[in-house]
Amino acid sequence: MGRASSFILGAGRCLTGALVLGAALTTDANADQEQGRRLARLYCARCHSIDKISRSPLKLAPPFRTLHERYPVETLQEALAEGIVTGHPSMPEFSFEADQVNDFILFLKSLEDGRVDR
């Protein structure tokens, strides 16, 4: 097998691995938006606004309804699964199970509908 063939085969394996990992982390049809809301209430509402209208209790914590303006919320999937760690001391470190990640992302996406002034 030549170098080109080896490279193509290796690249194909990497792409396949990335697609499998991506499929595992994408929001699936079984995701439960209400469960995502409960997770947000339990882990996040102390600092972040988790609705479409109120201010965040902690001024430096962005309201969840604005996260999609900064980046696609789907990009949080890996961080939520592996554990979010931030630079400010008031945010607890936590991680979600795969089904919880999907629920939480679905909930965050629900906040994108019907833009409301902050």
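Because the structure is predicted, anything quoted here is derived from the model rather than measured. (Residues numbered from 1 in each chain as written. Predicted model: local features only at pLDDT ≥ 70, side-chain atom pairs only at ≥ 80, totals over all residues. Heavy atoms only, no water.)

**Looking at the overall build of the protein**
We apply this condition: Numbered from the N terminus, helices here are DSSP runs of H or I no shorter than four residues, and strands are runs of E no shorter than two. When accessible area is computed with a 1.4 Å probe and restricted to protein chains, residues below 20% of their type maximum are described as buried, those above 50% as exposed, and intermediate ones as partly exposed. Contacts are assigned to residue pairs with any non-hydrogen atoms lying within 4.5 Å of each other. Note on areas: Shrake-Rupley with a 1.4 Å probe; residue coverage comes only from the protein chains shown.
Broken down by element type, the protein carries 5 helices and 0 strands. What you see in the protein, going N to C, is helices and strands ordered as α-α-α-α-α. Scored against the burial criterion, the 118 residues of the protein give a buried share of 31%. Taking the contacts inside the protein whose residues are at least 6 apart along the sequence as the reference set, 59% of them involve residues at least 24 apart. Here the protein displays about 7,800 Å² of accessible surface, and carbon together with sulfur accounts for 57% of that area.

**Quick word on helix α5 (residues 98–110)**
Rule in force here: To estimate how far a helix should extend, the number of its residues minus one is multiplied by 1.5 Å.
Spanning 13 residues, α5 covers 19 Å between terminal C-alpha atoms, matching the ideal 18 Å at 1.5 Å per step. Regarding α5, the residues found buried are Val101, Asn102, Asp103, Phe104, Ile105, Phe107, Leu108 and Ser110.

**Section: the layout of surface pockets**
Here the idea is plain: a probe the size of a water molecule rolls over the atoms and shows the empty space left. Quick reminder of the rule: Site definitions follow a grid-based scheme: protein atoms alone, a 1 Å grid, a 1.4 Å probe that fits but cannot get out for cavities, and for pockets an open set with protein on both sides within 12 Å along at least five of seven lines, plus lining residues having an atom within 4 Å of a point. Grid points are joined across faces, edges and corners, and a volume is the space filled by probe spheres set on the points. Classification used: nonpolar for Ala, Val, Leu, Ile, Met, Phe, Trp, Tyr, Cys and Pro, charged for Asp, Glu, Lys and Arg, polar for all others including Gly.
Approximately 330 Å³ is the volume found for the largest pocket. As for the largest pocket, its lining consists of 23 residues, and the residues nearest its centre are His48, Phe64, Leu67, Ile84 and Met91. Counting residues per element, the ones that place at least two in the lining of the largest pocket are α3 (67–70), α4 (77–82) and α5. Partitioning the lining of the largest pocket into residue classes produces 18 nonpolar, 3 polar and 2 charged.

**A word on the side chain of serine 49**
Put simply, the rule reads: Any N or O atom pair separated by 3.5 Å or less is treated as a polar contact, with the protein-specific requirement of one donor-capable and one acceptor-capable atom, and with residues adjacent in sequence counted only for side-chain atom pairs.
Of note, serine 49 is situated in the loop between α2 (33–43) and α3. Within the structure, serine 49 has its side chain in polar contact with the side chain of aspartate 51 (distance 3.2 Å). In this structure the side chain of serine 49 is engaged in a polar contact, spanning 3.0 Å, whose partner is the side chain of arginine 65. Beyond its immediate stretch of four places on either side in the chain, serine 49 contacts Ser54, Arg55, Ser56, Pro57, Pro63, Phe64 and Arg65.

**What to know about the environment of leucine 108**
In this structure, leucine 108 sits in helix α5. Among the residues examined, leucine 108 registers a relative accessible area of 1% and is labelled buried. Separated by 40 residues in the primary sequence, leucine 108 and histidine 68 place their C-alpha atoms 8.3 Å from one another. Those residues in contact with leucine 108 that sit more than four places away from it in its chain are Phe64, Leu67, Val73 and Leu76.

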